[in-house]
Amino acid sequence: MRLQLSPELEAFREEMRTFFTTQVPQEIRDQVASHRELTKEQYVEAMRVLNAAGLAVPHWPVEWGGKDWTPLQHHIWREEMQLAGVPEPLPFNASMIGPVIATFGTQEQKERFLPKTANLDIWWCQGFSEPDAGSDLASLRTTAVRDGDDWVVNGQKTWTTLGQHADWIFCLVRTDPTAEKKQRGISMLVFPMDSPGVTLRPIELLDGTYEVNEVFFEDVRVPAENLIGTENDGWTIAKFLLGNERVGIARIGSTKKMLAQAKEHAREMRSNGRPLIEDPRTAARIAELENELVALELTALRVVANSADGKPHPASSVLKLRGSELQQAATELLVDLAGPLSLASFAGDGSEVPAWARAATPHYLNYRKVSIYGGSNEVQRTIIAGSILGL
Amino acid sequence: MNFDYDSEQNDLREAVRGLLARAYADSEQRRSVVATDPGFDEKTWSRLAEMGLLGLPFAEDHGGMGAGPVEVAIVAEEIGRVLAPEPFIETVVLAGGLVAAVGTDEQKAEILGGISEGTTIAVFAHAEPGTRWSPAAEAVTATQDGDGWTLTGVKEPVPSGARADVLVVSAVVDGGTGLLVVRGDAQGLTRTSYRTHDGTRAAQVRFEGTPAVALGSGDQTAAIERAQAEARIAYSHEAIGAMDTALRTTAEYLRTRKQFGVTLNKFQALTFRAADMYVSLELARSTALWASMVQDAGGDVVSAADRARLQTSRAGRHIGKEAIQLHGGIGVTAEYSVGHYTSRLTAIDHLLGDGDWAADRLAADVASYPTVDPLGAPYA
Ligand SMILES: Cc1cc2nc3c(=O)[nH]c(=O)nc-3n(C[C@H](O)[C@H](O)[C@H](O)COP(=O)(O)OP(=O)(O)OC[C@H]3O[C@@H](n4cnc5c(N)ncnc54)[C@H](O)[C@@H]3O)c2cc1C
């Protein structure tokens, strides 16, 4: 056991911190810090700055831009990025389809897609969930039928995040409806969002934002070479991808940043004539959240320090479960600090209510999603109960 | 001791429920109403007036019905049940309550009469940026000017502040916090309206030497504290109505949504959580009903309101969050109703003091009595 980072890792952390806080435009980082929506251009710009420095996809194989870092280095990279308010490399590209193509793709697919995926020249979206296939993903119904050199795709996806910006979609489709187990007979296809027969319908979320979509497919023709991996063996790929999706979803750095902001705001807000930070209940609440976050960060470090052999640590479901709960608790804290001012949610810039207080409740409502997507917290508990505790 | 409504109260409840069920038959109807200013339906407001609901607690001499807090609670709960966005509590309980408490006979006849008829929307302009749920004003000041007064400063956020015909304004005066009445068309009054996250409207209200008329005289902190306590109780009932619908909608969803080949109610992990939501709801309901009875009996309404607020605040958070979570993705969409219930419950929580705030006030008192007795002094 050892508490401190080695001098090399200390230097690594400093290097990351310096890069993120000096090379990624301040305006973009401010946007992230104040929980305002980023434009597509801002996402792209940030990811290209990272990619140019080799920091967009460090977890990929070295020949495709990866870094061969230790898990601890990856952890530091991610935390420093979040603390600096740098938008994370688009997860659909960096954590989902990239590693999938690098692992299951043909050489031709790797050459065709990976460089553009790392540089966000292609914006990917994830077409997995369907109206009747959420937690029960394997019951998906979108079909792909072989017709000459093409697959013909029909069906519907939903919850497609940022599909409105996407150039390409990676999709789970049913290629063998007769397979006995519903996990069999599923394949992964990739195709452009502007293929004839693809229609997108935006879904408005509770906070008034448009980040998810329904996507409809009507006789969409997809060339056979766009199949990733083996026909009818898409579930293996899906499981690999979902495992990666969970990594980093704890977003400890972001929560840390939110708590730091909360303290700043609690210094500005006054209650009964004194700064709110001096209110014992408020201070205790922040302290408890910080302590939970310390416990989570230490657990994350234990997990990464231990998974050097590449196998996920059994406790990694704890990270998604607790990480999402703490993100939500931090957004709730901000609403409560704003108190009556939180009601001025959509006031314009002429408002006397500070911007953070106006944004607090929409952000809180929006963040109800983090315990639902990426494998809901109920699904995480099922994993802990079943795979870890053998119940 | 009896928590049941009598037959007249049951009739009232059925009548209000029927009216609101027509106005807000489904969540789409509410969505289209809150999409345009003033954020509620003027026609529904008139119907509430025709039914006598807007004058419910006011004396008959002033155009009201002379009913009590239990009747007000019944209306508030029905409003919460369908998330009706009409500013009933703001106008009738809070602003109307202040006028009823400290106004002259003439003011009562005019303002309460107008409210009862549905021609006057009055709101209490009290919150100031930088203060939290205090009964005192800090930044808006009132200066005597001959017979009348003038106001200077900013109130924000003021619920329904831009639509209001009459503003009851709290302001710093010599010796404390005074109350004043301002007409919507007064000189030196600027109002900027915006949407709040729950679909209603609030405004920044700016006074620049705005002429005003005194409502009562001297320090009115106690009257404000009392009116706010009564509004807190009413909001607790609105929250109960909202929680009830959120829970029923969730239970219905668990009975119908299929995953893994079965409906979700086959998963005990989910049904137990719905059961816990019910526990929260019923405890909050009891406390809110009790608080209305304390108010009716002339007991310590401020402390009773704090208890009701603490209980409903915790229950509202619990039920609101669980309602979304148990729905999965559909729960966070604007098209589906359950998230709007959560949004409204969050707004109610921050209107006049949240759970922590109420707990702090109750905590300041725990050392002063040996056991808590909801049926004894100071409540009965
Ligand atoms: C904002 C947002 C963005 C998303 N982005 C994408 C995307 O880009 N691409 C994509 O493919 N998908 C995306 N998703 C979909 C997401 O993965 C699903 O919402 C999620 O899997 C849950 O499915 P569901 O919404 O159908 O809920 P359901 O599966 O219907 O679940 C409803 C409730 O029941 C619980 N539940 C279900 N089954 C069980 C069980 N067996 N035991 C106990 N509890 C259970 C759930 O946890 C939940 O609380 C997104 C979702 C959201 C909300």
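See the structure printed just above.
Parameters and conventions
Residues numbered from 1 in each chain as written. Chains lettered and ligands numbered in written order. Predicted model: local features only at pLDDT ≥ 70, side-chain atom pairs only at ≥ 80, totals over all residues. Heavy atoms only, no water. Helix = DSSP H or I, 4+ residues; strand = E, 2+ residues; numbered from the N terminus. Rg over C-alpha atoms; globule rule 2.2 N^0.38 Å. Buried < 20%, exposed > 50% of the residue type's maximum accessible area, 1.4 Å probe, protein only. Contact = heavy atoms within 4.5 Å. Areas by Shrake-Rupley, 256 points an atom, 1.4 Å probe, with all protein chains shown as cover. Near = heavy atom within 4 Å. Polar contact = N/O pair within 3.5 Å; in protein donor to acceptor, adjacent residues only side chain to side chain. Nonpolar A, V, L, I, M, F, W, Y, C, P; charged D, E, K, R; others polar. Pairing = 2+ DSSP bridges. Buried area = accessible area lost by both parts, 1.4 Å probe. Salt bridge = Lys/Arg side-chain N within 4 Å of Asp/Glu carboxyl O. Core = buried A, V, L, I, M, F, W, Y, C linked by side-chain atoms within 4.5 Å. Axes fitted to C-alpha atoms, helices over the stretch in contact; angles between N-to-C directions. Patch = residues over 30% accessible without salt bridge, like charges linked within 9 Å, V, L, I, M, F, W, Y side chains within 5 Å. Lys, Arg positive; Asp, Glu negative; His and termini not counted. Charge placed at Lys NZ, Arg CZ, Asp CG, Glu CD. Phe/Tyr/Trp six-rings, centres within 6.5 Å; stacked < 30°, edge-to-face > 60°. Lys NZ or Arg CZ within 6 Å of the ring centre and 35° of its normal.

1. Section: the overall build of chain B
Across its full length, chain B holds 11 helices and 9 strands. In summary, chain B has a C-alpha radius of gyration of 21 Å against a globular reference of 21 Å for 380 residues, a match within 12%. Judged by the C-alpha coordinates and their principal axes, chain B covers about 75 × 50 × 40 Å. Residue burial in chain B is summarised as follows: out of 380 residues, 60% are buried. In chain B, 73% of the contacts between residues at least 6 apart in sequence involve partners at least 24 apart. Counting every atom, chain B has about 14,500 Å² of accessible surface; 52% of that belongs to carbon and sulfur.

2. Description of the site of the ligand
Every one of the 27 residues lining the ligand counts as a neighbour, but Trp159(A), Thr161(A), Ser376(A), Glu378(A) and Gln325(B) are closest to it. Those residues lying near the ligand are distributed over chains A and B. Note that an oxygen atom of the ligand is positioned 2.6 Å from one of the backbone N or O atoms of Gln325(B). Protein burial of the ligand: of its 970 Å² of free accessible surface, 93% is covered by the chains. Per-element accounting of the shell around the ligand gives the leading share, 3 residues, to helix 9 (residues 301–327) of chain B. Partitioning the shell around the ligand into residue classes produces 12 nonpolar, 12 polar and 3 charged.

3. Here we look at the pairing of strand 7 (residues 212–223) of chain A
All names here are of chain A. Summarising the sheet, strand 3 (residues 150–157) and strand 7 pair through 7 bridges and their orientation is antiparallel. Bridged to Trp151 within strand 7 is Val222. Across 6 bridges, the pairing between strand 6 (residues 198–203) and strand 7 is antiparallel. Residue pairing in the sheet places Pro202 in a bridge with Asn213 of strand 7.

4. Considerations on the interface of chain A and chain B
Listed as interface residues are 49 residues of chain A and, on the opposing side, 48 residues of chain B. Interface of chain A and chain B: buried area, both sides summed, is about 4,000 Å²; carbon and sulfur atoms make up 54% of it. The largest per-residue losses of area from chain A upon contact with chain B belong to Leu206(A), Arg281(A) and Leu343(A), which jointly make up 18% of the total buried on that side. Viewed at the interface, chain B and chain A are joined by 12 salt bridges. Summed over the shared surface of chain A and chain B, the number is 26 residue pairs in polar contact (both at pLDDT 80 or more). Secondary-structure elements contributing two or more residues to the side of chain A that touches chain B are strand 6, strand 9 (270–271), helix 9 (280–306), helix 10 (316–338), helix 11 (355–366) and helix 12 (377–388) of chain A. For the side of chain A that touches chain B, the element with the most residues is helix 10 of chain A, which contributes 5 residues. Taken together, the residues of the side of chain A that touches chain B sort by class into 21 nonpolar, 12 polar and 16 charged.

5. A look at the nonpolar core
Core analysis: the biggest nonpolar cluster contains 142 residues, and Leu151(B), Val182(B) and Met243(B) have the highest contact counts within it. The element that contributes the greatest number of residues to this core is helix 7 (residues 221–256) of chain B, accounting for 14 residues. Other than its neighbours up to four places away in sequence, Leu151(B) contacts Val140(B), Thr141(B), Ala142(B), Val169(B), Ala171(B), Leu180(B), Val182(B), Phe207(B), Glu208(B), Gly209(B), Thr210(B) and Ala212(B). Core analysis: the next-biggest nonpolar cluster, separate from the first, contains 73 residues, Val44(A), Trp77(A), Phe170(A) and Ile228(A) among them.

6. Description of the packing of helix 4 (residues 69–82) of chain B against helix 8 (residues 268–297) of chain B
Residue and element names in this part refer to chain B. Packing of helix 4 against helix 8 brings their axes to within 8 Å, and their N-to-C directions diverge by 145°. Mapping the contact onto sequence places Pro69, Val70, Ala73 and Glu77 in helix 4 and Arg285, Ser292, Gln295 and Asp296 in helix 8. Here the contact of helix 4 with helix 8 is composed, by residue class, of 3 nonpolar, 2 polar and 3 charged.

7. Points about a negative patch on the surface
The grouping of Glu108(A), Glu111(A), Asp149(A) and Glu225(A) at the surface amounts to a negative patch. Looking at where Glu111(A) falls in the secondary structure, it is placed in helix 6 (residues 107–118).

8. Observations concerning the environment of Gly298(B)
Structurally, Gly298(B) is set in the loop between helix 8 and helix 9. Along the backbone, Gly298(B) and Leu310(B) are 12 residues apart, and their C-alpha atoms lie at a distance of 21 Å.

9. Section: the packing of aromatic side chains
For any pair of aromatic rings, the description rests on two quantities: the centre-to-centre distance and the angle between the ring planes. Under the counting rule described, the total for this entry stands at 16 aromatic pairs over all chains. Ring centres of Trp290(B) and Tyr379(B) lie 4.8 Å apart, and the angle between their planes is 70°; on these two criteria the pair is classed as edge-to-face. With Trp290(B) in helix 8 and Tyr379(B) in the segment after helix 11 (355–363), this residue pair connects regions lying 89 residues apart in the sequence. The buried category is assigned to Trp290(B), whose relative accessible area is 9%. According to the relative accessible area criterion, Tyr379(B) is buried, its value standing at 5%. Members of the aromatic cluster, joined through ring pairs, are Phe113(A), Trp124(A), Phe128(A), Trp168(A) and Phe170(A). Geometry around Trp151(A) places Arg146(A) over its ring, the cationic atom sitting 5.3 Å from the centre.

In short, the description is geometric, and any link to function would need to be established separately.
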